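An overview of the molecular structure
This is what each chain is made of:
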Amino acid sequence: MKDILIPAKRVKKELAILLVCFIAAFLLNIYAIAKYATSWSEILGQLHIIVILSLVIYFIVAILRLILSGILKAFK
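One structure accompanies this document, and this report is about it. Since the model is a prediction, treat every value here as computed from it, not as a measurement.

1. Concerning the overall build of the protein
- On a plain count of helices and strands, the protein comes out with 3 helices and 0 strands.
- What you see in the protein, going N to C, is helices and strands ordered as α-α-α.
- For the protein, whose C-alpha radius of gyration is 17 Å, the value lies well above the compact-globule estimate of 11 Å for 76 residues.
- If you line up the protein on its principal axes, its C-alpha atoms span 50 × 30 × 20 Å.
- Looking at the 76 residues of the protein, the share that counts as buried comes to 13%.
- Once local pairs closer than 6 in sequence are excluded, the contacts in the protein between residues at least 24 apart make up 63%.

Right, here's the structure in full:
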């Protein structure tokens, strides 16, 4: 069976996108805490939800990137 090699540049790009998704989810949590005037201890208490939300955002972005890639390849 052939090994699949993923270039380091691609891994770094995907990790950067995942980090941006995590930061967006974290900022969304801070916004919700401020808007609903809840306890600031929820930043750490809801960290597992933030991780799940960041993964959901990452997969949505991945689907949009695939669609955009397909559209761009169709017009070439």
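And the narrative resumes.
2. A look at helix α1 (residues 8-35)
- Taking 1.5 Å as the rise per residue, α1 with 28 residues should run 40 Å; its terminal C-alpha atoms sit 40 Å apart, in good agreement.
- On its buried side, α1 packs onto α2 (42-45) and α3 (47-74).
- One or two positions beyond α1, positive phi appears at alanine 37, with a value near 50°.

3. Notes on the pattern of salt bridges
- All told, the structure shown has 2 salt bridges when counted by the stated rule.
- Connected through salt bridges with shared partners, the residues Arg10, Glu14 and Arg65 form a single ionic network.

4. Some details on the side chain of asparagine 29
- Along the polypeptide, asparagine 29 turns up in helix α1.
- Residues within four places of asparagine 29 in sequence aside, it is in contact with Glu42, Ile43, Gln46 and Ile50.

5. Regarding the environment of lysine 13
- Along the polypeptide, lysine 13 turns up in helix α1.
- For the pair lysine 13 and leucine 27, spaced 14 residues apart in the sequence, the C-alpha separation amounts to 21 Å.

6. Description of the environment of lysine 76
- For lysine 76, the position within the fold is in the segment after α3.
- On the basis of relative accessibility, which here comes to 85%, the residue lysine 76 falls in the exposed class.
- Along the primary structure lysine 76 and isoleucine 50 are separated by 26 residues, whereas in three dimensions their C-alpha atoms are 39 Å apart.

7. Regarding a nonpolar patch on the surface
- Together, Leu28, Tyr31, Ile49, Ile52, Leu53, Val56, Ile60, Ile63, Leu64, Ile67, Ile71 and Phe75 make up an exposed nonpolar region whose accessible area comes to about 1,200 Å².
- Looking at the nonpolar patch, the elements with two or more residues in it are α1 and α3.
- Among the elements that take part in the nonpolar patch, α3 stands out by supplying 9 residues, more than any other.
- In this structure, isoleucine 49 sits in helix α3.
- For isoleucine 49, a relative accessible area of 41% puts it in the partly exposed group.

How each quantity is defined
Going along each chain's sequence as written, the residues are numbered from 1 onward. Residues qualify for local features only when their pLDDT is at least 70, as the model is predicted, and side-chain atom pairs are given and counted only at 80 or more; totals for whole chains, interfaces and linings, by contrast, use all residues. Side-chain metrics rest on all non-hydrogen atoms present in the structure, leaving aside hydrogens and water. Elements are defined by DSSP. Helices are runs of H or I of four residues or more, strands are runs of E of two residues or more, and each kind is numbered from the N terminus. Our radius of gyration is a C-alpha quantity, and the globule rule it is checked against amounts to 2.2 Å times the number of residues to the power 0.38. Partly exposed residues are those whose accessible area sits between 20% and 50% of the maximum for their type, while under 20% is buried and over 50% is exposed, using a 1.4 Å probe and protein chains only. Residues count as neighbours in contact if any of their non-hydrogen atoms are within 4.5 Å of one another. To estimate the expected span of a helix, subtract one from its residue number and multiply by 1.5 Å. Note on definitions: salt bridges are taken to be side-chain nitrogens of Lys or Arg within 4 Å of carboxyl oxygens of Asp or Glu. Excluding any residue in a salt bridge, patches collect residues exceeding 30% relative accessible area, merging like charges within 9 Å and nonpolar Val, Leu, Ile, Met, Phe, Trp and Tyr side chains within 5 Å. A 1.4 Å probe and the Shrake-Rupley method give the accessible areas. Residues count as covered only by the protein chains that appear here.

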